[in-house]
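Structure at a glance
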Amino acid sequence: NTVMESYLQGISTRRIQENAVHLEIDQLPLALVSQIARDLDDQVQAFLLRSIEQLIPYLFVDAPYYKVVRQEAVSRIALSYPLRLGHPYRNMHL
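Each chain carries its own residue numbering, running from 1 in the direction its sequence is written. With the structure being a predicted model, the display of local features is reserved for residues of pLDDT at least 70 and the display and counting of side-chain atom pairs for 80 or more, all residues being used for whole-chain, interface and lining totals. Computation of side-chain values covers all heavy atoms of the structure but excludes hydrogens and water.

1. A word on the overall build of the protein chain
When helices and strands are tallied, the protein chain shows three helices and five strands. Only DSSP runs of H or I with at least four residues qualify as helices, and only runs of E with at least two residues qualify as strands; both kinds are numbered from the N terminus onward. Taken from N to C terminus, the helices and strands of the protein chain fall in the order α-α-α-β-β-β-β-β. Burial classes: relative accessible area under 20% of the type maximum marks a residue as buried, over 50% as exposed, and values in between as partly exposed (1.4 Å probe, protein chains only). The buried share of the protein chain, reckoned over its 94 residues, is 10%. In what follows, residue pairs with any heavy atoms lying within 4.5 Å of each other are defined as contacts. Once local pairs closer than 6 in sequence are excluded, the contacts in the protein chain between residues at least 24 apart make up 29%. Total accessible area on the protein chain is roughly 8200 Å²; 54% of this is exposed by carbon and sulfur atoms. Using a 1.4 Å probe, accessible areas were evaluated by the Shrake-Rupley method; residue-level cover was limited to the displayed protein chains.

Here it is, written out as C-alpha cells:
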C-alpha cells in the first residue's frame, strides 16, 4: 500500500525506498519498487485506453475564494457555482 500510494503521489522509486526504511520495512529492494511502479503504469495505461461504453454527462464547477469577516475574524470561504453542464451530444451553458 505504501508503494502504491507513493506512486500515485509521484514520488520517485528511490524516495519510496527511503520512506520504507522510516516505516521499518527493512527489505524493500529498489528493483521490487521499480517493478511495482511498472505494473501500476501498465494498469493506469489500460484504464486510460479502455473503451467507454456509455455516455457520461459532466459538470464544470468553479469556486473562487473570498476573504470575509465573521465575528471579528478574517477567514477565507469558497463560493462554488456551476459553469457548464455537458453532454457528449450537446452542451448547455448555465
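2. Quick word on the packing of aromatic side chains
Stacked, edge-to-face and tilted labels apply to pairs of Phe, Tyr and Trp rings (six-membered ring for Trp) whose centres lie within 6.5 Å, assigned for plane angles under 30 degrees, over 60, and everything in between, in that order. For the structure shown, the criterion picks out zero aromatic pairs. Lysine NZ or arginine CZ positioned within 6 Å of the ring centre and within 35 degrees of the ring normal marks a charge as sitting over the ring. Between the NZ or CZ atom of R50 and the centre of the ring of F47, over which it lies, the distance is 3.8 Å.

3. Comments concerning helix α3 (residues 30–49)
For a helix, the expected span equals 1.5 Å multiplied by the residue count minus one. Between its first and last C-alpha atoms α3 spans 29 Å; for 20 residues at 1.5 Å apiece the expected length is 28 Å, and the two agree. V33, A37 and L40 are the residues of α3 that are buried. Projected down its long axis, α3 carries its buried residues within an arc of 65 degrees, all on one side. Opposite the buried face of α3, at more than 90 degrees from it, the exposed residues are A31, D42 and L49. The arc in question is traced by the directions running from the helix axis to the C-beta atoms.

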